[in-house]
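# Observations on the three-dimensional arrangement
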Amino acid sequence: MASKTAQTTFRRHIRNKNAGNKAKRARANTGSTPVFPIHTPEADAAAPAMAKKSS
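Everything quoted here is computed from the prediction, not taken from an experiment. (Residues numbered from 1 in each chain as written. Predicted model: local features only at pLDDT ≥ 70, side-chain atom pairs only at ≥ 80, totals over all residues. Heavy atoms only, no water.)

## Side note on the overall build of the protein chain
- The number of helices and strands found in the protein chain is three helices and zero strands.
- Going residue by residue from the N terminus, the α and β elements of the protein chain occur as α-α-α.
- Against the 2.2 N^0.38 benchmark of 10 Å for 55 residues, the protein chain shows a C-alpha radius of gyration of 25 Å, more extended than a compact globule.
- Relative to its 55 residues, the protein chain shows a buried fraction of 0%.
- Of the roughly 5,400 Å² that the protein chain leaves accessible, carbon and sulfur atoms contribute 61%. (Helix = DSSP H or I, 4+ residues; strand = E, 2+ residues; numbered from the N terminus. Rg over C-alpha atoms; globule rule 2.2 N^0.38 Å. Buried < 20%, exposed > 50% of the residue type's maximum accessible area, 1.4 Å probe, protein only. Areas by Shrake-Rupley, 256 points an atom, 1.4 Å probe, with all protein chains shown as cover.)

Structure (structure tokens):
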């Protein structure tokens, strides 16, 4: 049988390991960055000009 100290240490370890799992899972599933359009018609129209300017 484990000592009371060993039990407490183990329980504390498990509790700390699992802390925030629900919040972490929610952030991973929903994402923290809002959805924004990358390929808009304006961006696609300006793409050739931007490619020439950068090189």
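## Points about the environment of Arg15
- Tracing the backbone through its elements, the reader meets Arg15 in helix α1 (residues 4-18).
- The exposed category is assigned to Arg15, whose relative accessible area is 53%.
- Here the alpha-carbon distance between Arg15 and Pro37, two residues 22 residues apart in the chain, equals 40 Å.

## Overview of helix α2 (residues 21-30)
- Among the 10 residues in α2, zero count as buried, and that is only a small part of the element.
- Of the residues one or two after α2, Gly31 is the one with positive phi, at around 85°.

## Some remarks on the environment of Pro41
- Topologically, Pro41 is positioned in helix α3 (residues 41-54).
- Measuring from C-alpha to C-alpha, the distance between Pro41 and Gln7 comes to 62 Å, with 34 residues separating the pair along the chain.

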